[in-house]
Amino acid sequence: KNEVEQSPQNLTAQEGEFITINCSYSVGISALHWLQQHPGGGIVSLFMLSSGKKKHGRLIATINIQEKHSSLHITASHPRDSAVYICAVSGTGNQFYFGTGTSLTVIP
Amino acid sequence: EPEVTQTPSHQVTQMGQEVILRCVPISNHLYFYWYRQILGQKVEFLVSFYNNEISEKSEIFDDQFSVERPDGSNFTLKIRSTKLEDSAMYFCASSGDLLNEQFFGPGTRLTVL
């Protein structure tokens, strides 16, 4: 069973496009994390949120606790945004569940 | 800028051998985590550690795994008798608080032959 589902699995966009990646989860959570994994494998935390919306530069993350859904938006996408974006949730027991990731390619 | 470091970056071992993966979390962080990612698969949670004890562990973290914080800086993952299926990238992470973002290390690629 997958506690965290992401869509789409793969996404190709033209530079400048607005991008949305979706995440749905089925467990009770204390927080939801958006992570970025670069081709070299390194993982960077982009956001951690438990309610509402957060913005950092061109990235925006939202969460709807009632619907158990979160979205990651990238405005004015750029080739350097190409990476795998991972949604993960902290369960109420400090367990962590990861989505399979969305592979984003932004074409110049 | 403070960062999480991991050593070695790549470890090759024979099946049945013991390996110790090392992590130096950010110095004032209190929560520590190990994750693994088998090639081509999603990241999986192994264990979280706080106040010198395991606070949560996954089904993957069976008796062959153990974690330790032997001194004030290192956080180690030991795999007692490695199996072929233990080959993966192992990531360490730390956070200052339970509800703070986690900072990830660069990973150790473990190859079991």
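1. What to know about the interface of chain A and chain B
Piece 1. Between chain A and chain B, the residue contacts involve 18 residues of the former and 19 residues of the latter.
Piece 2. Summing both partners gives a buried area of about 1600 Å² for chain A against chain B, and 58% of it is carried by carbon and sulfur.
Piece 3. At the surface where chain A touches chain B, the tally comes to 0 salt bridges.
Piece 4. The interface formed by chain A and chain B holds 3 residue pairs in polar contact (both at pLDDT 80 or more) in total.
Piece 5. Those elements that place two or more of their residues in the side of chain A that touches chain B are strand 4 (29–37), strand 5 (43–49) and strand 10 (96–98) of chain A.
Piece 6. When residues in the side of chain A that touches chain B are grouped by element, the largest group, 5 residues, is from strand 4 of chain A.
Piece 7. Here the residues of the side of chain A that touches chain B are counted per class, giving 7 nonpolar, 11 polar and no charged.

2. Here's the deal with the side chain of Asp86 of chain B
Residues and elements named next belong to chain B.
Piece 1. When you line up the elements, Asp86 lands in the loop between strand 8 (75–79) and strand 9 (88–95).
Piece 2. At 4.3 Å, Arg36 is the nearest oppositely charged side chain to Asp86, a buried residue that forms no salt bridge.
Piece 3. In terms of polar contacts, Asp86 uses its side chain to reach the backbone amide nitrogen of Lys83, at 2.8 Å.

3. As for the pattern of salt bridges
All names here are of chain A.
Piece 1. Taken as a whole and judged by the stated rule, the model has 2 salt bridges over all chains.
Piece 2. Among the ionic pairs, Asp81 bridges to Arg58, the shortest N-O distance being 2.9 Å. With Asp81 in the loop between strand 8 (69–74) and strand 9 (83–91) and Arg58 in the loop between strand 6 (52–56) and strand 7 (59–64), this pair connects stretches of sequence that are 23 residues apart.
Piece 3. Relative accessible area serves as the criterion here: at 7%, Asp81 is assigned to the buried category.
Piece 4. Its relative accessible area of 26% is what places Arg58 among the partly exposed residues.

4. Some words on the environment of Leu77 of chain B
All names here are of chain B.
Piece 1. Relative to the elements of secondary structure, Leu77 occurs in strand 8.
Piece 2. Given a relative accessible area of 0%, Leu77 falls into the buried group.
Piece 3. Considering only alpha carbons, one finds Leu77 and Val43, 34 residues apart in sequence, at a separation of 16 Å.
Piece 4. Sequence-distant contacts of Leu77, that is, excluding residues within four places in its chain, are made with Val19, Ile20, Leu21, Trp34, Leu46, Phe61, Phe65, Ser66, Val67 and Tyr90.

Reading the values: rules and limits
- Residues numbered from 1 in each chain as written.
- Chains lettered and ligands numbered in written order.
- Predicted model: local features only at pLDDT ≥ 70, side-chain atom pairs only at ≥ 80, totals over all residues.
- Heavy atoms only, no water.
- Contact = heavy atoms within 4.5 Å.
- Buried area = accessible area lost by both parts, 1.4 Å probe.
- Salt bridge = Lys/Arg side-chain N within 4 Å of Asp/Glu carboxyl O.
- Polar contact = N/O pair within 3.5 Å; in protein donor to acceptor, adjacent residues only side chain to side chain.
- Helix = DSSP H or I, 4+ residues; strand = E, 2+ residues; numbered from the N terminus.
- Nonpolar A, V, L, I, M, F, W, Y, C, P; charged D, E, K, R; others polar.
- Buried < 20%, exposed > 50% of the residue type's maximum accessible area, 1.4 Å probe, protein only.
- Lys, Arg positive; Asp, Glu negative; His and termini not counted.

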